[in-house]
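# Coordinate inspection notes
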Amino acid sequence: MIGRYVGYVSGDDPLHGFLQWIIRDRMGVQEQGPAFRAFRLSGSNEVYAYEEKFSGAKLICKFYGPRYGWDRDKAAWMAQREYDALKTLRGYDLKGAPHHVIRPLGVSCYISGALALEYYAGEEFSHAIARAMQFGHDEHLYWRLKALAYFLATQHNWTANGHTADFDADCRYFDTVIGRLEYQGRIGQWDIDEFSWLRDRWRDRPQMWQDRQVWLHGDATPANFLFGSGMDVAAIDLERMKRGDRMFDVGRVAGELQHAFMTAVGDRYRAEPFIGHFLWEYACHFPDRQRTFKSITARAPYYMALNLLRIARNDYISAEYGGRLVAQAKELLRAA
């Protein structure tokens, strides 16, 4: 199992009863006296993997309670929201190979806002990026990006509706991120004025308003995609799923690639071949590949910049590196 082993779940712990119900009623595992090994996973949420000792059945539990403390209703609401998001995307037949959204198994509002999820054994996107940066396994990352582009294009195309994407929503999110950076003292008034001017230049571009709404992953970061064999991709962590412009997801992946190389090797240019490959592969799933590629590359800088600014507001980012992210975001936005 992945993660750090932390022991067995006690038989008198309410969590034990919840896990037993999940494997019996949701997974079809009939084990008379189940025993659950627990493994702590890394991530921004409190997440554990569990393995039933005798049957080998595995599942994941994500706990919202620690994030919201005393507000048990909010924790339960968030767990149910992600459960519903996963069910919604799976309703578009995004299950199995090659495109898979993990199966939600159950929610308990009484056990720290627990959301039980299918266990999917796969390579994290972040590991594929690390292999390219540390060991020069570029072809491996190219292949993973091809698969991820195929997955996202399928998700977006299958879930598009007839409503036009609202770019104002992405501008409001931009303002929220800028406000957070100002509050943290990472940018000054001169920066705010420039970012506001650049935002408005993008707002005036007609192509930012012309695409159709799709269901977005909403948090398309390297930790939230797992790769199986061939072109198999699984999406996890859909708590921020929403309707919007497909470039919110596509640009976040591109921005995460740029950030990964900036922080690991200090060279944003090292990411450019991978970003270009990802965008080109995404475009191939449309009737006119060249036209689509032109459209998404014209819009990508805004969403890449938005992602870099989002990263810059994190407490674990040093002031020096945060300044580099802010500067690169400005460079991208000046493409308008």
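Because the structure is predicted, anything quoted here is derived from the model rather than measured.

## Brief notes about the pattern of salt bridges
Under the counting rule described, the total for this entry stands at 27 salt bridges. In this structure, the salt-bridge partner of Lys146 is Glu281, at a minimum N-O distance of 3.4 Å. With Lys146 in helix H5 (residues 138–159) and Glu281 in helix H9 (residues 272–283), the pair connects residues that are 135 residues apart, well separated along the chain. Given the relative accessible area of 10%, Glu281 is considered buried. For the salt bridge of Arg310 with Glu256, the shortest nitrogen-to-oxygen distance reads 2.7 Å.

## Regarding the sheet that holds strand E7 (residues 114–118)
The strand order E1-E2-E3-E4-E7-E6 describes an open sheet built from 6 strands, whose pairing is antiparallel. Of all the strands in the sheet, just strand E1 (4–8) and strand E6 (104–108) have a single pairing partner and so form its edges. Going from strand to strand, the sheet's axes swing by 25 degrees on average, the running direction of each strand aside. Sheet topology note: the strand E3 (residues 46–52)/strand E4 (residues 58–63) ladder contains 6 bridges and is antiparallel.

## With respect to the sheet that holds strand E5 (residues 99–101)
Ordered by their spatial adjacency, 4 strands build an open sheet running E5-E11-E10-E8, and the pairing between neighbours is mixed. Each edge of the open sheet is held by one strand with a lone partner, namely E5 and strand E8 (123–124). Pairing analysis gives 3 bridges linking E5 to strand E11 (residues 233–235), with the strands arranged parallel. The residue of E11 that forms the bridge with His100 is Ala234. Across the sheet, H5 is in contact with E5, E8, strand E10 (225–227) and E11; its angle to E10 comes to roughly 120 degrees.

## So, empty space enclosed by the protein
Inspection of every chain in the model, using the stated rule, returns 1 cavity of 30 Å³ or more. Put simply, the largest cavity is a space of about 40 Å³. Around the largest cavity, the lining residues are Phe248, Arg252, Tyr303, Leu306 and Asn307. For the lining of the largest cavity, the secondary-structure elements that each account for two or more residues are helix H8 (247–265) and helix H10 (289–312).

## Structural notes on the nonpolar core
With 94 residues, the main nonpolar core has Phe125, Leu141, Leu148, Phe225, Phe278, Tyr302 and Leu309 as its most contacted residues. It is H10 that contributes the most residues to this core, 11 residues altogether. Contacts of Leu309, omitting those with residues within four sequence positions, involve Phe174, Val177, Ile178, Leu181, Phe195, Val326 and Ala329. Val29, Tyr48, Leu59 and Cys61 belong to the second largest nonpolar core, which has 19 residues in total.

## Let's talk about the layout of surface pockets
Unfilled space is identified by rolling a water-sized probe across the atoms. For the second largest pocket, the calculated volume is near 350 Å³. Along the walls of the second largest pocket sit 13 residues, with Asp211, Arg291, Thr292, Ser295 and Arg299 positioned nearest its centre. Within the lining of the second largest pocket, the residues separate by chemical class into 3 nonpolar, 4 polar and 6 charged.

## Some thoughts on the packing of helix H4 (residues 125–135) against H5
For any two helices packed against each other, the geometry comes down to the angle between their axes and how far apart the axes lie. Two elements in contact, H4 and H5, have axes separated by 7 Å at closest approach and are oriented at 150 degrees. In terms of axis orientation, H4 runs roughly antiparallel to H5. H5 is crossed by H4, and the crossing has left-handed handedness. Along its contact with H4, which presents Phe125, Ala128, Ile129, Arg131 and Ala132, the element H5 presents Asp138, His140, Leu141, Arg144, Leu145 and Leu148. A class-by-class count of the residues in the contact of H4 with H5 yields 7 nonpolar, 1 polar and 3 charged.

## Here's the deal with the pairing of E3
Taken residue by residue, a regular strand's side chains alternate between the two faces of the sheet. E3 sits mainly inside the fold: 6 of its 7 residues count as buried. Alignment of strand E2 (residues 36–41) against E3, held across 6 bridges, turns out to be antiparallel. Across the sheet, residue Phe36 finds its bridge partner in E3, namely Glu52. Where E3 hands over to E4, the hairpin turn is made up of 5 residues, of which Gly56 adopts a positive phi near 80 degrees.

## With respect to the packing of aromatic side chains
This structure, assessed with the given rule, holds 19 aromatic pairs. Seen in terms of ring centroids, Tyr48 and Phe63 are 6.1 Å apart; in terms of plane orientation they differ by 75 degrees. Their pairing is edge-to-face. Taken as a pair, Tyr48 in strand E3 and Phe63 in strand E4 lie far apart in primary sequence, 15 residues in all. For Tyr48, a relative accessible area of 17% corresponds to the buried category. Pairing Phe151 with Phe225 gives two aromatic rings, centres 6.2 Å apart and planes at 70 degrees, and the pair type is edge-to-face. With a gap of 74 residues between them, Phe151 in helix H5 and Phe225 in strand E10 connect regions that are remote in the sequence. Comparing Phe151 with Phe225 shows no difference in burial state: the two are buried. One aromatic cluster in this structure is built from Phe167, Tyr173, Phe174, Phe195, Trp202, Trp209, Phe248, Tyr302 and Tyr303. Seen from the ring of Tyr173, Lys242 lies directly overhead, with NZ or CZ sitting 5.7 Å from the centre. For Lys242, the ring lying beneath its charged end belongs to Phe248, and the centroid distance is 3.9 Å.

Rules used throughout
Residues numbered from 1 in each chain as written. Predicted model: local features only at pLDDT ≥ 70, side-chain atom pairs only at ≥ 80, totals over all residues. Heavy atoms only, no water. Salt bridge = Lys/Arg side-chain N within 4 Å of Asp/Glu carboxyl O. Helix = DSSP H or I, 4+ residues; strand = E, 2+ residues; numbered from the N terminus. Buried < 20%, exposed > 50% of the residue type's maximum accessible area, 1.4 Å probe, protein only. Pairing = 2+ DSSP bridges. Axes fitted to C-alpha atoms, helices over the stretch in contact; angles between N-to-C directions. Contact = heavy atoms within 4.5 Å. 1 Å grid on protein atoms, 1.4 Å probe; cavity = no way out; pocket = protein on both sides within 12 Å on 5 of 7 lines; lining within 4 Å. Points joined across faces, edges and corners; volume = space filled by probe spheres on them. Core = buried A, V, L, I, M, F, W, Y, C linked by side-chain atoms within 4.5 Å. Nonpolar A, V, L, I, M, F, W, Y, C, P; charged D, E, K, R; others polar. Parallel < 35°, antiparallel > 145°, perpendicular 65-115°, else oblique. Left-handed = near helix turned anticlockwise from the far one by under 90°. Phe/Tyr/Trp six-rings, centres within 6.5 Å; stacked < 30°, edge-to-face > 60°. Lys NZ or Arg CZ within 6 Å of the ring centre and 35° of its normal.

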